[in-house]
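Below, each chain spelled out in residue letters.
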2 protein chains.
Amino acid sequence: MRDAGVRRDVGVAIGDDGRILAIAPDRELRAQFPKATEIDCAQGVLTPGFVDSHTHAIFGRSRHAEQEMRAAGVGYMEIAKRGGGIHSSVRDLRERSEDDLVMLAAERLARLAAHGSTTIEVKSGYGLSLESELRTLRVIRRLAQDLPIRLVPTFLGAHEIPLEYREAPRSREDYIAVLIDEMIPAVAKDSLARFCDIFCEPGVYTPAEARRVLGAARAQGMALKLHADELEHAGAAELAAEIGATSADHLAAVSELGIQALANSGTVATLLPGTMLFLGRNKQAPARAMLDAGCAIALASDFNPGTSPTVNFPLILTLGVSQLRLSVAEAFIAATVNGAAALGLAGEVGQLAPGFSADLALFDVRDHREIPYWYGDQRCVATWLRGRPGYAPKRLSH
Amino acid sequence: MRDAGVRRDVGVAIGDDGRILAIAPDRELRAQFPKATEIDCAQGVLTPGFVDSHTHAIFGRSRHAEQEMRAAGVGYMEIAKRGGGIHSSVRDLRERSEDDLVMLAAERLARLAAHGSTTIEVKSGYGLSLESELRTLRVIRRLAQDLPIRLVPTFLGAHEIPLEYREAPRSREDYIAVLIDEMIPAVAKDSLARFCDIFCEPGVYTPAEARRVLGAARAQGMALKLHADELEHAGAAELAAEIGATSADHLAAVSELGIQALANSGTVATLLPGTMLFLGRNKQAPARAMLDAGCAIALASDFNPGTSPTVNFPLILTLGVSQLRLSVAEAFIAATVNGAAALGLAGEVGQLAPGFSADLALFDVRDHREIPYWYGDQRCVATWLRGRPGYAPKRLSH
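Residues numbered from 1 in each chain as written. Chains lettered and ligands numbered in written order. Predicted model: local features only at pLDDT ≥ 70, side-chain atom pairs only at ≥ 80, totals over all residues. Heavy atoms only, no water.

(A) Quick look at the overall build of chain A. Of regular secondary structure, chain A possesses 16 helices and 14 strands. Computed over C-alpha atoms, the radius of gyration of chain A comes to 21 Å, within 12% of the 21 Å expected from 2.2 N^0.38 for 398 residues, which places it in the range of a compact globule. Taking the principal axes of its C-alpha atoms as reference, chain A extends roughly 75 × 45 × 40 Å. A total of 398 residues make up chain A; the buried ones form 63% of that total. For chain A, the share of sequence-separated contacts (at least 6 apart) that also reach a separation of at least 24 residues comes to 70%. Working note: accessible area of chain A is about 14600 Å², and carbon and sulfur atoms make up 50% of it. (Helix = DSSP H or I, 4+ residues; strand = E, 2+ residues; numbered from the N terminus. Rg over C-alpha atoms; globule rule 2.2 N^0.38 Å. Buried < 20%, exposed > 50% of the residue type's maximum accessible area, 1.4 Å probe, protein only. Contact = heavy atoms within 4.5 Å. Areas by Shrake-Rupley, 256 points an atom, 1.4 Å probe, with all protein chains shown as cover.)

(B) Highlighting the sheet that holds strand β6 (residues 150-158) of chain A. Residues and elements named next belong to chain A. Strands sit in the order β4-β5-β6-β7-β8-β9-β10-β11 across an open sheet of 8 strands; the sheet is parallel. Each edge of the open sheet carries a strand with a single partner, namely β4 (50-52) and β11 (297-299). With direction set aside, neighbouring strand axes in the sheet form an average angle of 25°. Pairing of strand β9 (residues 247-250) with strand β10 (residues 268-271) involves 3 bridges; the strand directions are parallel. Bridge pairing in β10 links Ser-247 to Val-268. Helix α7 (residues 172-189) contacts β6 and β7 (195-200) of the sheet and is inclined by roughly 155° relative to β6. In the packing of helix α14 (residues 328-335) onto the sheet, contacts are made with β4 and β11, and the angle to β11 comes to roughly 80°. (Pairing = 2+ DSSP bridges. Axes fitted to C-alpha atoms, helices over the stretch in contact; angles between N-to-C directions.)

(C) Region of the structure containing the sheet that holds strand β10 (residues 268-271) of chain B. Residue and element names in this part refer to chain B. Read from one edge of the open sheet, 8 strands run β4-β5-β6-β7-β8-β9-β10-β11, paired in parallel fashion. In this open sheet, the two edge strands, each paired with only one partner strand, are β4 (50-52) and β11 (297-299). Averaged over all pairs of adjacent strands, the angle between strand axes in this sheet comes to 25°, irrespective of strand direction. The sheet contact formed by strand β5 (residues 117-123) and strand β6 (residues 150-158) spans 5 bridges and is parallel.

(D) Summary view of the relation of the copies chain B and chain A. If you rotate chain B by 180° and push it 0.0 Å along the axis, it lands on chain A with an RMSD of 0.0 Å. Put plainly, the chains are arranged around a two-fold axis. Taking the C-alpha atom as reference, chain B places Gly-376 of chain B closest to the rotation axis, 2.4 Å from it. A share of 100% of the interface residues of chain B reappears at the interface of chain A, consistent with the copies meeting face to face through the same patch. (Least-squares fit on C-alpha atoms with pLDDT ≥ 70 in both.)

(E) How the structure looks around the packing of helix α5 (residues 98-114) of chain A against helix α6 (residues 130-146) of chain A. Residue and element names in this part refer to chain A. Contact geometry of α5 with α6 gives a least axis separation of 9 Å together with a crossing angle of 50°. Viewed along their axes, α5 and α6 adopt a mutual orientation that is oblique. Relative to α6, the crossing made by α5 is right-handed. The residues of α6 that touch α5, namely those facing Glu-98, Asp-99, Leu-101, Val-102, Ala-105, Ala-106 and Leu-109, are Arg-135, Arg-138, Val-139, Arg-142 and Leu-143. Taken together, the residues of the contact of α5 with α6 break down into 7 nonpolar, no polar and 5 charged. (Parallel < 35°, antiparallel > 145°, perpendicular 65-115°, else oblique. Left-handed = near helix turned anticlockwise from the far one by under 90°. Nonpolar A, V, L, I, M, F, W, Y, C, P; charged D, E, K, R; others polar.)

(F) Spatial organisation of the pairing of β7 of chain A. Residues and elements named next belong to chain A. With 6 of its 6 residues buried, β7 lies for the most part within the structure. Covered by surrounding structure in β7 are Phe-195, Asp-197 and Phe-199 together with Cys-196, Ile-198 and Cys-200, the residues of both alternating faces. When β6 meets β7, the two strands line up parallel, connected through 3 bridges. Bridge assignment links Phe-155 to a residue of β7, and that residue is Cys-196. The handedness of the β6 to β7 crossover, carried by α7, is right-handed. Where β7 and strand β8 (residues 223-228) come together, 4 bridges link them in parallel fashion. Counterpart to Phe-199 in the pairing with β8 is His-227. Read from β7 through helix α8 (residues 207-219) to β8, the crossover connection turns out right-handed. (Right-handed = clockwise from strand over helix to strand, strands pointing away.)

(G) Geometry of the domain arrangement of chain A. Residues and elements named next belong to chain A. Under the domain assignment used here, chain A contains domain 1 (11-46 + 352-389) and domain 2 (50-341). Measuring from the centre of the C-alpha atoms in domain 1 to the corresponding centre in domain 2 gives 30 Å. Domain 1 puts 19 residues into the contact, and the matching count from domain 2 is 17 residues. Summed over both partners, the interface of domain 1 with domain 2 buries about 1400 Å², with 64% contributed by carbon and sulfur atoms. (Domains from an automatic or database assignment. Buried area = accessible area lost by both parts, 1.4 Å probe.)

(H) Highlighting the pattern of salt bridges. Scanning the model with the defined rule gives 54 salt bridges over all chains in all. As a salt-bridge pair, Asp-367 of chain B and Arg-8 of chain B come within 3.6 Å of each other at their nearest N and O atoms. In this pair, Asp-367 of chain B sits in the loop between β12 (360-363) and α16 (370-373) while Arg-8 of chain B sits in the segment before β1 (11-14), placing the two residues 359 residues apart along the sequence. Each of the salt bridges in this network shares a partner with another, and the network as a whole consists of Glu-107 and Arg-111 of chain A together with Asp-364, Asp-377 and Arg-379 of chain B. (Salt bridge = Lys/Arg side-chain N within 4 Å of Asp/Glu carboxyl O.)

(I) The packing of aromatic side chains, seen in detail. All chains considered together, the criterion is met by 18 aromatic pairs over all chains. Considering the side-chain rings of Phe-59 of chain B and Phe-303 of chain B, the 5.7 Å spacing of their centres and the 50° angle between planes classify their relative orientation as tilted. Note that Phe-59 of chain B is positioned in the loop between β4 and α2 (65-71) and Phe-303 of chain B in the loop between β11 and α13 (313-322), a separation of 244 residues in sequence. Phe-303 of chain B shares its class with Phe-59 of chain B; the two are buried. Judged by centre distance (4.8 Å) and plane angle (70°), the ring pair of Tyr-373 of chain B and Trp-374 of chain B falls under edge-to-face. Residue classification places Tyr-373 of chain B among the buried positions, given a relative accessible area of 0%. When its relative accessible area of 5% is taken as the criterion, Trp-374 of chain B is described as buried. A network of ring pairs unites the aromatic residues Phe-59, Phe-278 and Phe-303 of chain A together with Tyr-373, Trp-374 and Tyr-375 of chain B as a single cluster. Positioned above the aromatic ring of Tyr-165 of chain B is the side chain of Arg-170 of chain B, whose terminal nitrogen or guanidinium carbon lies 4.5 Å from the ring centre. Taking NZ or CZ as reference, Lys-225 of chain B lies 4.9 Å from the ring centre of Phe-195 of chain B, over its face. (Phe/Tyr/Trp six-rings, centres within 6.5 Å; stacked < 30°, edge-to-face > 60°. Lys NZ or Arg CZ within 6 Å of the ring centre and 35° of its normal.)

Next comes the structure, spelled out in structure tokens:
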């Protein structure tokens, strides 16, 4: 991850099939493709579009009131116990129509794309009932067809234990049975999700429960992800490595054994530094120890209404450098190549190289290191998906 | 600072003199001012434009290479010793023409304004010679005349000891003599700065030196500011309070005595949480202890090429809540009313109230708490200065 492979004074040739044909100096490209349409990138920096491999972008109301509750010392689990947190998003989403959710999410995904993300994983998980989880996944499917963004759907029915399964006559075990016997088969039947994810954390799902739920999902053909060791260690990273999950995400409380397990596995360690920032926690995932151990690290936004309402992926790069102490090259690779690996798309997106999908982002800077540097600004001026125009938040200037 | 005075379903009437005449429901305003031109704010949130009371916006090259040096463990003072840091900006600025600096700063100030700042304090301090400090201040004066932003100039010739005064035959004492005997009188003669500031920190200027320099500036009619107790405690906050500085800025390493001194003074405590974030330091100023003691707190961006290259003031509000544990109301007041106080403009800007200058920012949100919440996004859609259009980064939508 030392070398991001930055090249200067080159252009990118894109074929009619939306794949990259060549990267070379303009003169060579003009000789090789004399009939090509040219787009002037105005001396900006062209990157692979960011691969944001962890978002919860389908939700109803924003939850801005919780930010200052937390600042006043009310904890994450306590907000949840008071009926806030995830459960307030669940109540809200269940009441909304598919069309309403499409409209809300389309605007939010457009904002994510306007900062340079071209592939975005989107989880369900604010439904927590068969009907509302399937509705959420149908929303993602419609958005994937309508928007110039590559969306990767993940089923996260195991985001929490819904409140109605916390009191007799129903139990958490009943909800886990619904997950395994009803939801996962229904999701698989309509191919509504590529991944199955679970929030494996003390107070939410145990590693033993995660093993059962994910085992059922794998049996139905889904690949696996875990919300692992976010706030407290539970051995979730070790579990992710053992079962061959595609990624283990969060990891601020990962153990030394968990790091070793991830390093010895094909599981990508997905770090979400924006979440810890927004939560006001100084504890970030031990990224340098992970890199030293040989882990593959991805960076993602964790875009969600409770703990990380940012759409600005370059700010996540900033935090990758300033908080996780990555080099700029490591941060870019984590945001592109390794983000793609965290979605099982390592051969398809995340690189500017022949054969890869022409998913690109253009930034109004002269050096790629300026993208994490001008923190909080919007420097992305255009994106392309499969070679076609995506979002153009700003005008190209000369 | 508990109540930000949020009002719903009202409009703002602005007079031909650029001052706010009234704030009332639309119907009342239409009855009172039947000939007024109406601007539809599309149900967005209108705030006083942010008052960014601490920036170093006049510089040449960006210093993006230092971010990953720091991430790799090279310290602030060590980067300075290696000839990086402030000194690299000094070498760079000295070689640039006034026109070049105007062009660079105009673009950067426009980016700050595009996130909602309408009043911006701008310091010199990358010249560190009579000629280049005066040139910097002339740049600020030109920009203040040309741009729809209210700029407040501060003389910061005492930003560092220039390298040429660190070896025989010249000494730091010689530079202090230049500051006191040449620069301050020249700045005052042409009324080029409203404030004089000094970096009072172990390794830079001592409190005794600060007292002499600021004493000379006051004698020439300038108001006073201090970079105080940023990384190590030096008693600079105590000094600021004692000499009646308008503000003491940074304060991450302020002592209990310093907090008490500020609380018992008229000096505003200006906190710069973006700087600590970008530097990767977990230590933030003890904002809650300061508020409990009775300090007046302002928030500012510290926009500068080395330690805080952000133009996104709403992100500073986010950090005010998430890192400094302010309520949203406290953060807004710190960014407006108290920012104005930190510039001696408390009766002129920073409030939506009759008689105040109509310096406004409009945000594409429905609740003011969303401004710090959607962290890192650009939600500002328009600004006004003295009632006239400022920056319109985005289109007003309905």
